[in-house]
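# Structure at a glance
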Amino acid sequence: MYTPESENGMVSKEELNRMRWAARRGMLELDLVLEPFVQSRYETLNEADRSRFQNLMLCEDQDLFAWFMRREQPADGELLAIVSKILEFTLTPPEDR
């Protein structure tokens, strides 16, 4: 997704707000994984990872749940890359986030 801000690497407030809203899912378990990630890391992601995250937010909750509970892995390598980044984040102690 192209935005003028993506040209210079900056994340617009609108994009960040859209991703915060997209991270609010119908399952508490997903909210507890996705919302802190967006809050702490989304702005520091490179353009490719931001695009991967945006594509991840188009996935079904049941798929996201299976991936974040490590029951399954996404078949798509791009989704696997961002899921791995998010899982790594969840293992980071809160004081180091």
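Located above this text is the structure these notes cover.
Report follows, based on the coordinates. As a convention, each chain's residues are numbered from 1 in the sequence order in which they are written. A pLDDT threshold of at least 70 governs which residues receive local features in this predicted model, and a stricter bar of 80 or more applies before side-chain atom pairs are shown or counted, although totals over entire chains, interfaces and linings include all residues. With hydrogens and water set aside, each side-chain value is computed from the structure's full complement of heavy atoms.

## Structural notes on the packing of aromatic side chains
For clarity, the cut-off: Centre distance within 6.5 Å is the pairing criterion for rings of Phe, Tyr and Trp, where only the six-membered ring of Trp is used; planes under 30 degrees apart are then read as stacked, over 60 as edge-to-face, and the remainder as tilted. Under the scheme used here, helices are H or I runs from DSSP no shorter than 4 residues and strands are E runs no shorter than 2 residues, and both carry numbers assigned from the N terminus. Only protein chains enter the calculation, and the probe is 1.4 Å; a residue is then buried if its accessible area is under 20% of its type maximum, exposed if over 50%, and partly exposed in between. Sitting over a ring, as applied to charges here, requires NZ of Lys or CZ of Arg to be within 6 Å of the ring centre and within 35 degrees of the ring normal.
The tally for this structure, following the rule as stated, stands at three aromatic pairs. Between F37 and F89 the ring centres are 5.5 Å apart and the planes differ by 80°, which places this aromatic pair in the edge-to-face class. A residue pair is termed long-range when its members are at least 10 positions apart, and F37 in helix α3 (residues 28-41) and F89 in helix α6 (residues 77-90) qualify at 52 residues. Exposure class is identical for F37 and F89. Each is buried. For the pair Y42 and F53, a centre-to-centre distance of 5.6 Å together with 65° between the ring planes defines the contact as edge-to-face. Taken together, the residues Y42 in the loop between α3 and α4 (47-56) and F53 in helix α4 connect sequence positions eleven residues apart. Assigned by exposure class, Y42 and F53 land together as buried. An aromatic cluster is built from F37, Y42, F53 and F89, whose rings are joined through pairwise contacts. Here the guanidinium or amino end of R97 rests over the ring plane of F89, the centre of that ring lying 4.3 Å away.

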